[in-house]
Amino acid sequence: MNTALRQLYERARFVGAQSPRTVGVEDELLLVNQQTGEMGNALGVVARLVRMGWAPSYDDIHTHLLIGATHPVLGTVTTDAGRGTLEWISNPSSSMLNVAAWRGDTLDLMVVLAREMGEVILGVGRQPLTRGGKELWVPKGRYEYLIARFGNQIHHIPETASQQVHIGCRGTEDMVELVDDFLALSGVLTALAANASVFHGAAHPDALASRQRIWEEFAPERVGVPAQPFHTLNRLIAWMCESEYLFRKEEVGGITRYALDGQPFGTSESVSLANGEFGKHARYHEACLWQDARARHVFGTVEVRPCCQQPQSAGLALPALCLGLAENTSDRRALLGRHPWDAWRASRNSAADHGMHGMVGLIPIHAILPDVLAIAEAGLRSRGLGEEAL
C-alpha cells in the first residue's frame, strides 16, 4: 500500500523548475441574517447563481441536492459544512493578480445576491451568534458519516470559516519541505489571521482564533501540527497509511453510498489496488487529514489551512504572504532554523489563544513578523509579476 500511495505523489502534476508556482484559493464565507445576526442560507446564493447561468453541481449521494455552481472563469461557489457557509474555489493560476481579480468579481456578486435575501457576508472566522448543531450542517451524504464517526464533538465545525491557499510544488521533495515549513509557521499565520474571538453571542479575549481549537476537540490525531516534521515522502506516506481511514465511497446495487471504515488506511481491507480504485480511496483519505498544511497529490500542491477568514478589504493578503514565503526558500529556512520544532509547534495553540502575543519559544510572535513579511515580499518580488502589491 505504501508503494502505491507513494507513486501517486510521484506522478502528481508539478510545476516546472523554471515556471512560477501556481496558486489557488479556497475562501469560506459566513452568511448571517442582516436583522438577527443568526446563520444565513448559503444554498439560496448558490441557487441564484444557477439561475444566472452558472453550471449546477449536486451531491453525490443525495443527487437532488444542489450544492454548488461553477463559472468557467470565476471558479466555483459551493456550500461548505455549515448551512450558512459559502465556499469560493478559484481556478489555479500562475499569477496571484488573476486570482485576486476573480475573487473580487465573485465576492461583489455574492454580496448583491446575499443582500437580496436579507443577508450579509461576514469576513470573520466564526459565526458570532449561532451555536452549532446537527441541524446546521448542509445535508451532504459524506457529512452524515463524519457526524456518525465523531458525534456531537464535531458540531462546532459549521460555525467556522477559513481562508486556504494551494501552492504549486516542484516535486515531491519540495512538497514535503513546504508541508513541514508551513506546519512550523502555523502559529505565525494563525496569529496574523486571528479573527474568531466572538462566538455564541459573546467576546472571548483568550480565544482569538477559536476555530483552531475546535478541530482538536474531535480529531486531535489528524489536525494541527504533528509532533515531528515529516522530512521525507516515505515518512509522510507512512503516517498516512497508519492514520484511520474514516469512510469510503462505494457502489452497492447501482446506488452510491459512503460507509464507515475505521481501519488504518494501509491495512484496510476495503482499499483495493485494482481497477483504478486505489486513487479514489487515496483522494478520500487525503481530504480527511486536516493538519494545518497538507500535501495534495490530486493537484500537485501544498494546502495551507490555519487562517481564519478575513474582512473583504484584506483581499488576498494572506495567500500572497504564503506564496511569497514558498518562493523564498533560503530565507524561510533560515528563519525556521532559529527555533526548534517543538517551539514552532507550540506556537500554534499559543497564537490561537493570544494572537500576536502568542509565543515562539521565548519570543512573541509580533517580534518575528517583520522578518516574515520581508521574506514573503522578497519571494513575491522574485516572481516579477507585481504580486507584492497584494
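For the structure itself, consult the block above.
Calculation notes
Numbering of residues begins from 1 in every chain and follows the order in which that chain's sequence is written. Residue-level local features of this predicted model are given only where pLDDT is at least 70; pairs of side-chain atoms are given and counted only at 80 or more, and the full residue set underlies all totals for whole chains, interfaces and linings. Only heavy atoms go into the side-chain values, all of them from the structure, while hydrogens and water stay out. Helix and strand definitions here come from DSSP, where helices need a minimum of 4 consecutive H or I residues and strands a minimum of 2 consecutive E residues; each element is numbered from the N-terminal end. To get the radius of gyration, use the C-alpha atoms; to get the globule rule, take the number of residues to the power 0.38 and multiply by 2.2 Å. Each residue is assigned to one of three classes by its accessible area relative to the maximum for its type, calculated with a 1.4 Å probe on protein chains only: buried under 20%, partly exposed between the two thresholds, exposed over 50%. Here an angle of 0 to 180 degrees is reported between the N-to-C directions of two axes, which are lines fitted to C-alpha atoms, with helices fitted over the stretch in contact. Any angle that is under 35 degrees is reported as roughly parallel, and any over 145 degrees as roughly antiparallel; angles of 65 to 115 degrees are reported as roughly perpendicular and all others as oblique. If you view the pair so one helix is near and one far, a crossing is left-handed when the near helix is turned anticlockwise from the far one by less than a right angle, and right-handed when it is turned clockwise. The contact definition used throughout considers only heavy atoms, calling two residues in contact when any of these lie within 4.5 Å. The nonpolar class holds Ala, Val, Leu, Ile, Met, Phe, Trp, Tyr, Cys and Pro. Asp, Glu, Lys and Arg form the charged class, and all remaining residues, Gly among them, are polar. Only centres within 6.5 Å qualify two rings of Phe, Tyr or Trp (six-membered ring in Trp) as a pair; their planes then separate them into stacked at under 30 degrees, edge-to-face at over 60, and tilted for everything else. Only when the NZ atom of a Lys or the CZ atom of an Arg is both within 6 Å of the ring centre and within 35 degrees of the ring normal do we say a charge sits over the ring. Nonpolar cores were defined as sets of buried Ala, Val, Leu, Ile, Met, Phe, Trp, Tyr and Cys residues, with membership established by side-chain atoms within 4.5 Å. Here a polar contact is taken to be a pair of N or O atoms separated by no more than 3.5 Å, where protein atoms must pair a possible hydrogen donor with a possible acceptor and residues adjacent in sequence count only if both atoms sit in side chains.

The next thing to look at is the overall build of the protein chain. Assigned secondary structure in the protein chain consists of 13 helices and 17 strands. Taking 21 Å as the expected radius of gyration for a compact globule of 390 residues, we find that the protein chain reaches 20 Å, a close match to that expectation. With respect to the principal axes defined by its C-alpha atoms, the protein chain has extents near 50 × 50 × 40 Å. When burial is assessed residue by residue, the protein chain has 55% of its 390 residues classed as buried.

Let's shift gears to the packing of helix 2 (residues 42-51) against helix 3 (residues 96-116). Relative to each other, helix 2 and helix 3 sit at 115°, their axes nearing to 9 Å. The orientation of helix 2 relative to helix 3 falls into the category roughly perpendicular. Crossing handedness for the pair helix 2 and helix 3: right-handed. Contacts between helix 2 and helix 3 involve Val-45, Arg-48 and Leu-49 from the former and Leu-109, Met-110, Leu-113, Ala-114 and Glu-116 from the latter. Across the contact of helix 2 with helix 3, the residue classes break down as six nonpolar, no polar and two charged.

All right, on to the packing of aromatic side chains then. Here the distance between the centres and the angle between the planes together describe a pair of aromatic rings. Taken as a whole, this structure holds 13 aromatic pairs when the rule is applied. With a centroid separation of 5.2 Å and 90° between ring planes, the pair formed by Tyr-245 and Phe-265 is classed as edge-to-face. Placement of the pair is Tyr-245 in the loop between helix 8 (233-242) and strand 11 (247-252) and Phe-265 in the loop between strand 12 (255-260) and helix 9 (277-287), with a sequence separation of 20 residues. Judged by relative accessible area, Tyr-245 falls into the buried class, the value being 1%. Ring centres of Phe-247 and Tyr-258 lie 5.2 Å apart, and the angle between their planes is 90°; on these two criteria the pair is classed as edge-to-face. Here Phe-247, found in strand 11, pairs with Tyr-258, found in strand 12; they are 11 residues apart in sequence, far enough to count as distant. Take Phe-247 and Tyr-258: they sit in the same class, and that class is buried. These aromatic residues form a ring-pair network of at least three members: Tyr-145, Phe-247, Tyr-258 and Tyr-284. Its guanidinium or amino end placed over the ring of Trp-290, Arg-222 lies 5.7 Å from that ring's centre, counting from NZ or CZ.

What follows concerns the nonpolar core. Within the largest apolar cluster, 84 residues are counted, with the highest numbers of intra-cluster contacts made by Leu-5, Leu-86, Met-110, Ile-167, Phe-182 and Trp-344. Once you skip the residues sitting within four places of it in the chain, Ile-167 turns out to touch Arg-21, Thr-22, Phe-182, Gly-300, Thr-301, Val-302, Val-304, Cys-322, Leu-323 and Ala-326.

Looking now at the environment of Gln-212. If you trace the backbone, Gln-212 turns up in helix 7 (residues 210-218). Note on Gln-212: relative accessible area 1%, which makes it buried. Taking the C-alpha atoms as reference points, Gln-212 and Ala-352, separated by 140 residues in sequence, lie 6.2 Å from one another. Among residues more than four places away in sequence, those in contact with Gln-212 are Ser-186, Thr-190, Asp-292, Pro-306, Arg-348 and Ala-352. Within the local environment of Gln-212, its side chain forms a polar contact with the side chain of Thr-190, the two groups lying 3.0 Å apart.

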